[in-house]
Amino acid sequence: MNWYTSYLPILEKALHKTDVWRSSFGDQQSSGSDSKKVEEVINKLQQRLEGNYPFHHPQYAGQMLKPPHPAAWVAQSLAATINPNNHALDGGPPTSEMEKEAVEMIAEMVGYKQPFLGHLTSAGTIANLEALFVAREIHPDKKIAATAQALYTHRRMCHVLNTPFLEIPVDVFGNPDMDFLEKHKEDIGTLVVTMGTTGLGTVEPLSELVMWAEINNVRIHVDAAYGGFFKIISDQLNSSIHWDALSKADSIVIDPHKHGLQPYGCGSILFKDPAVGQYYKHDSPYTYFTSDDLHLGEISLECSRAGASAAALWVTLQLLPLKREGLGEILQKTIDAANAFSIAMDKSEMFEVYQNPELDIVAYFPVSKSSKISEVSGLCRKLFKAGMEDKAGGFHLSLFKVSAKEFTSRFPDYKSDEDTVTILRSVFMKPEHLDFIPELVRRLHQKLD
Ligand SMILES: *Cc1c(COP(=O)(O)O)cnc(C)c1O
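If you're wondering where the values come from, they're calculated on a predicted model, not measured in any experiment.

Visitor: Please set out the site of the ligand residue by residue, giving values where relevant.
Guide: In the vicinity of the ligand, 14 residues are found, and the nearest of them are T125, D223, D255, H257 and K258. T125 places a side-chain nitrogen or oxygen 2.5 Å from an oxygen atom of the ligand. One nitrogen or oxygen atom from the side chain of K258 is found 2.9 Å from an oxygen atom belonging to the ligand. Expressed as a share of its isolated accessible area of 380 Å², the protein-covered part of the ligand is 88%. Among the elements that line the shell around the ligand, the one with the most residues is helix 5 (residues 124-138), at three residues. Residue classes in the shell around the ligand are distributed as four nonpolar, seven polar and three charged.

Visitor: Hey, could you go over the sheet that holds strand 3 (residues 165-168) for me, with residue numbers and the actual values?
Guide: Strand order in this open sheet of seven strands is 1-7-6-5-4-2-3, and the pairing throughout is mixed. Of all the strands in the sheet, just strand 1 (117-121) and strand 3 have a single pairing partner and so form its edges. Ignoring which end each strand starts from, the neighbouring axes of this sheet average 20° apart. Note that strand 5 (residues 219-223) and strand 6 (residues 251-253) share three bridges and pair parallel.

Visitor: Explain the packing of helix 12 (residues 324-347) against helix 15 (residues 433-448) residue by residue, including any values.
Guide: Two numbers describe how helix 12 lies on helix 15: the axes approach to 9 Å, and their chain directions differ by 25°. Comparing the axis directions of helix 12 and helix 15 gives the class roughly parallel. Crossing geometry of helix 12 relative to helix 15 is assigned as right-handed. Taken together, the residues of helix 15 that come into contact with helix 12 (itself represented by K333, D336, A337, A340, F341, A344 and M345) are H433, L434, I437, L440, V441, L444 and H445. Among the residues making up the contact of helix 12 with helix 15, the classes are represented as 10 nonpolar, two polar and two charged.

Cut-offs and rules
- Residues numbered from 1 in each chain as written.
- Predicted model: local features only at pLDDT ≥ 70, side-chain atom pairs only at ≥ 80, totals over all residues.
- Heavy atoms only, no water.
- Near = heavy atom within 4 Å.
- Polar contact = N/O pair within 3.5 Å; in protein donor to acceptor, adjacent residues only side chain to side chain.
- Areas by Shrake-Rupley, 256 points an atom, 1.4 Å probe, with all protein chains shown as cover.
- Helix = DSSP H or I, 4+ residues; strand = E, 2+ residues; numbered from the N terminus.
- Nonpolar A, V, L, I, M, F, W, Y, C, P; charged D, E, K, R; others polar.
- Pairing = 2+ DSSP bridges.
- Axes fitted to C-alpha atoms, helices over the stretch in contact; angles between N-to-C directions.
- Parallel < 35°, antiparallel > 145°, perpendicular 65-115°, else oblique.
- Left-handed = near helix turned anticlockwise from the far one by under 90°.
- Contact = heavy atoms within 4.5 Å.

Right, dumping it as structure tokens:
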């Protein structure tokens, strides 16, 4: 297989045309370095990069990692030679246009209508920070609430924003405690709902929460950094009713660098009401923010942002639109892979599935003869290590910690001899995982033996 090298001629041709464009401004000596030295250092880099795990290969079924779409890589590399800055329209007119177009496509996917407000960010963390910042401005005297399974970043960002955070307890299936919410409704200004938790890919019950929030005048922020693009194929998911409610959220975070095939450096934030632009502190009246000449830098907490990221996303969305017969086909395979894996492990006498997948993440563990949770943890760590030690015949998983209480409430036959249990977790975010599932299941059984 050629991987990225087969796309080099496309990049080379485009680079050449860009050089011609550069020269059209008049000849100018470039300040590049001695190419022999560059090659030497790049060789060193190449060797050091081999210290990575095989994120590209389906045997890597660990964390949320995969290489970008080759077209995104070509686009990003090409645009980076110009290095436009999407802070302001003047910093990169074409890539700023591309950013707006790409963000419009994401907004259309979630069901937001014009006018809305949105832009790309360098990651989901800063996108969530922007959403929580706006949340605090709108309800300055109230708390921001999220469930115990929300990413830790929300609690930390509340600390950054000097805003009180309220953790909502969840049941074993990840459903928020509605009695708790009801009891605290006077204190809550904004509720964060995670669609696709980082841990197990749980989709929180947005449709119920949106209804509850409407009655209680609570703002809803959806953290769909991981799961957002699954909206495209949500009619295939058990959680479809919650995805239908996405357009009712006040703000939404979706990371193109998670499931949008982008290199790192690409998150996004959308606000349903463009009036929130006023909180980004600017002299202009609010109408500025809906004018055709929207300055992306005026509605972003970040200043400089890579125009190359917008170019990469824009190109990817031309090739794989946010439709079932586009990115949807890839996402469907990741769901199918997780389901196939879960079914195979469920059938096995040697493994137990911890939670059936809602998206493309499965948690599981080897059955322990002693029924002690400490033995489960030990077996998981052993298998995790054994898989990594076999380069071409192994696998890469991730470890996931759950409390003994949570674990034994699902598996009452197990005895708690420790406070936490370490189980296994696999993120099947590559379409190539689907065909590899039988082989992965075989390897897992073989290494456990
Ligand atoms: C990954 C993730 C984030 C953080 O996004 P980054 O792009 O890593 O900064 C936030 N929330 C959820 C649910 C995530 O999965």
